[in-house]
Amino acid sequence: MPSEADSARGCSRKLSVVNDVAEAVSGGRISRRIFGQRAVGLLGALAAGSSPLLGQKGGKGTVTRNNLFIPPTVGSTSYTLTAAPGTVDLGGGKLSAAWAYNGHVPGPTFRANNGQSVAVTLLNHLPEETTVHWHGMIVPEAADGHPKDAIASGGSYSYQYTIGQRACLNWYHPHPHMITGMQVALGLAGAFIINDPEESALNLPGGAYEIPLVLRDANIDNAGNLVYNPTSSGFEGKIPLVNGTRDPKLSVDKAIYRFRILNGANARVFRIALGNGAPWVLIGNDGGLLPSVSQVSVIEFSPGERLDVLVDFRTATGSIMLRDLNTGWNLLEFVPTQISVSGSMPTGTLSSITPLSGPSTPTRTFRFEGMSKINGQVYNMDRIDFNVPSGQVERWRFTTGRNAPHPIHVHGASFQVQSRTGGRGVVFPWERGWKDTVLLQDTESVDVLIQFSIPGQYLLHCHKLEHEDMGMMSNFKVT
Ligand code: C2O
Ligand code: CU
Ligand code: CU
């Protein structure tokens, strides 16, 4: 049954094409909302023959490389964020239609200290409703950007909260009911870095030596515009983008660099490695610094997860490629300059993390089923599925049979991963410490300990955005 909001959505709706498979899976309304081909129309790019470039092997072989875009960094006390259709340079000087925050893809990088207050006013200049969700931020319900708090086209809303958590890389993106995947694919996402004294004391590389890298994939049409053409198993684009740049390169001094990496894809799992075989020096993840440094040559991470790594270019002689081993894509070329900068790699302990202590058997079990259900139910925005007492440590078990990857994400708290059974069968070095998103591959069960501190309504969901939009999502209340 179409809601008022649906009819208010206007002309874009008429471009919808129902996908039979999705129809069967999840019912008419949902499939129309997420599998329509309206994205093309919204961009005003309905040129005849407009279709994604097939057979384009993004990033492979010899290509002309474009300078990596670094989004502007902004503070967060009183800032206005405008979400609007626009054009962006994805590389090579040619403009592409996209949906952008303040004209940028990705949007500006926020940077703030723990304890600081944030007031960001969103102006919604999109042709449809949106919200801004502050992924990883532990904030009150009114600032969480829950789909129920959608801001209508033409509307505005001020997100206000005080940062009360350790240094880490979070991010922000839209979270409107059933259309998150499209809005993110068209370009809406950005990074949010929190700093604190524990982190500053480590004297990690900063300034030009600390670089956010937002990895994602994308499809573009013949005119070069970003398009969204999902399937029920998830939108996987044919080309990679790093910070919204196609085939990017970055000049690096002979120095140690700190890369703050976000998997900002809708559905794609990346397995990243350095082309020269050097290991990543892994220092952090979603929830900030890890207890200690570790070296890993390949890191597998899914949509919504973050990594904090150091790379030593001090002895680099030629260029080094950041690669994705799942696709064979060359994601980013590092090109060393002649400038040498001294520095040292941290070793051993980075941060003290108190392990949560909680029940040894699951308080709750969540089965991620098919492509749209948790414990047999499709999401209903108006239904609260369970209540969680604030302050109590609970053990949550996330489990799935198939249709993975399912990156499982919780709003309102970070958690500590306890175990993984089935499938890959281990807890990886980048899953220590604090997390808010954890990858479930087929046949895996992951146990986490979690504790909430702010009462309110939050979400648990699969962060493959097409699964999320089809209903693999659950409302709960912290009481
Ligand atoms: Cu990054 Cu509820 O999402
Ligand atoms: Cu979130
Ligand atoms: Cu899923």
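From a predicted model like this one, the values you see are computed outputs, not experimental measurements.

1. Some points on the overall build of the chain
The helix and strand tally for the chain stands at 7 helices and 32 strands. Long-range contacts, defined as pairs at least 24 residues apart, comprise 77% of the intrachain contacts of the chain with a sequence gap of at least 6. Within the structure as shown, the chain displays about 16,800 Å² of accessible surface, and the carbon and sulfur contribution to it stands at 51%.

2. Comments concerning the sheet that holds strand β9 (residues 168-173)
Taken together, 5 strands build an open sheet; the order of strands is β2-β5-β10-β9-β7 and the sheet is mixed. The sheet is open, and its two borders are formed by β2 (73-74) and β7 (133-135), each paired with just one other strand. As judged from the 4 bridges shared by strand β5 (residues 109-113) and strand β10 (residues 190-195), these two strands associate in the parallel manner. Among the inter-strand pairings, Asn113 is bridged to a residue of β10, identified as Asn195.

3. Quick look at the coordination of the copper ion (ligand 3)
Looking at the metal site, the copper ion (ligand 3) is ligated by His406 (ND1), Cys462 (SG) and His467 (ND1), spaced 2.0 to 2.1 Å from it. Summarised as a motif, the one-chain spacing of the donors to the copper ion (ligand 3) is H-x55-C-x4-H. Taken together, the residues span a long stretch of sequence, with His406 in strand β27 (residues 406-410) and Cys462 in strand β31 (residues 456-462) at a distance of 56 residues. This pair shows no difference in class: His406 is buried, exactly as Cys462 is.

4. Some points on the sheet that holds β27
Sheet architecture is open: 5 strands sit in the order β25-β32-β31-β27-β29, paired in mixed fashion. The open sheet has two edge strands with one neighbour each: β25 (386-388) and β29 (437-440). Ignoring which end each strand starts from, the neighbouring axes of this sheet average 25 degrees apart. Alignment of β31 against strand β32 (residues 473-478), held across 6 bridges, turns out to be antiparallel. Considered in β32, the bridge of Leu459 is made with Asn475.

5. Side note on the nonpolar core
Residues Leu81, Tyr101, Phe110, Trp134, Tyr161, Phe192 and Leu226 are the most contacted members of the largest nonpolar core, which totals 41 residues. Among residues more than four places away in sequence, those in contact with Tyr161 are Gln116, Ser117, Val118, Trp134, Met137, Val139, Pro140, Ala143 and Phe192. Counting 34 residues, the second-largest nonpolar core is a separate cluster that includes Ala316, Ile320, Leu332 and Trp430.

6. So, the packing of aromatic side chains
Under the definition given, this model contains 29 aromatic pairs. For the ring pair Tyr79 and Phe110, a centre distance of 5.3 Å and an interplane angle of 85 degrees mean the geometry is edge-to-face. Highlighted residues: Tyr79 in strand β3 (residues 79-89) and Phe110 in strand β5, separated in sequence by 31 residues. In this structure, Tyr79 and Phe110 share a single accessibility class: buried. Look at Phe398 and Phe415: their rings are 6.2 Å apart centre to centre, the planes differ by 65 degrees, and that puts the pair in the edge-to-face class. One end of the pair, Phe398, is in strand β26 (residues 393-400); the other, Phe415, is in strand β28 (residues 415-421), and 17 residues separate them in sequence. Comparing Phe398 with Phe415 shows no difference in burial state: the two are buried. Taken together, the ring pairs connect Tyr79, Tyr101, Phe110, Trp134, Tyr157, Tyr159, Tyr161, Tyr172 and Phe192 into an aromatic cluster.

7. Things to note about unusual backbone geometry
The linkage connecting Val105 with the following residue, Pro106, adopts the cis geometry, with an omega of -5 degrees. Structurally, Pro106 is set in the loop between β4 (95-101) and β5. Backbone torsion omega between Ala404 and Pro405 reads 0 degrees, so that peptide bond is classified as cis. Here Pro405 is to be found in the loop between β26 and β27. If you check the backbone angles, Thr443 has positive phi at about 65 degrees while not being a glycine.

8. Regarding the coordination of the copper ion (ligand 2)
Within the first shell, the copper ion (ligand 2) binds the protein through His133 (NE2) and His409 (NE2), at distances of 1.8 to 1.9 Å. With a gap of 276 residues between them, His133 in strand β7 and His409 in strand β27 connect regions that are remote in the sequence.

9. Examining the layout of surface pockets
Here the largest pocket is characterised by a volume of approximately 270 Å³. As for the largest pocket, its lining consists of 19 residues, and the residues nearest its centre are Ile138, Ala413, Ser414, Trp434 and Gln451. Split into classes, the residues belonging to the lining of the largest pocket amount to 6 nonpolar, 9 polar and 4 charged.

10. Describing the environment of Gly92
Within the fold, Gly92 resides in the loop between β3 and β4. When the C-alpha positions of Gly92 and Asn67 are compared, they lie 8.8 Å apart, and in sequence the two are 25 residues distant.

11. Thoughts on the environment of Asn102
Position of Asn102 among the secondary structure elements: in the loop between β4 and β5. Separated by 19 residues in sequence, Asn102 and Ala83 place their C-alpha atoms 6.5 Å apart. With near-sequence residues (within four places) excluded, Asn102 lies in contact with Tyr79, Thr80, Leu81, Thr82 and Pro108.

12. Here we look at the pairing of strand β15 (residues 256-263)
β15 sits mainly inside the fold: 8 of its 8 residues count as buried. Alternating residues of β15 divide into Ile256, Arg258, Arg260 and Leu262 and Tyr257, Phe259, Ile261 and Asn263, and every residue in both groups is buried. Pairing of strand β11 (residues 210-220) with β15, which is carried by 6 bridges, proceeds in the parallel orientation. Across the sheet, Pro212 pairs through a bridge with Arg260, a residue of β15. Bridge analysis of β15 against strand β20 (residues 306-312) gives 7 bridges, and the strand direction is antiparallel. When the sheet's bridge partners are listed, Ile256 is paired in β20 with Asp312.

Thresholds, definitions, all that
- Residues numbered from 1 in each chain as written.
- Chains lettered and ligands numbered in written order.
- Predicted model: local features only at pLDDT ≥ 70, side-chain atom pairs only at ≥ 80, totals over all residues.
- Heavy atoms only, no water.
- Helix = DSSP H or I, 4+ residues; strand = E, 2+ residues; numbered from the N terminus.
- Contact = heavy atoms within 4.5 Å.
- Areas by Shrake-Rupley, 256 points an atom, 1.4 Å probe, with all protein chains shown as cover.
- Pairing = 2+ DSSP bridges.
- Donors = N, O, S within 2.8 Å, 3.2 Å for Na, K, Ca; no water.
- Buried < 20%, exposed > 50% of the residue type's maximum accessible area, 1.4 Å probe, protein only.
- Axes fitted to C-alpha atoms, helices over the stretch in contact; angles between N-to-C directions.
- Core = buried A, V, L, I, M, F, W, Y, C linked by side-chain atoms within 4.5 Å.
- Phe/Tyr/Trp six-rings, centres within 6.5 Å; stacked < 30°, edge-to-face > 60°.
- 1 Å grid on protein atoms, 1.4 Å probe; cavity = no way out; pocket = protein on both sides within 12 Å on 5 of 7 lines; lining within 4 Å.
- Points joined across faces, edges and corners; volume = space filled by probe spheres on them.
- Nonpolar A, V, L, I, M, F, W, Y, C, P; charged D, E, K, R; others polar.

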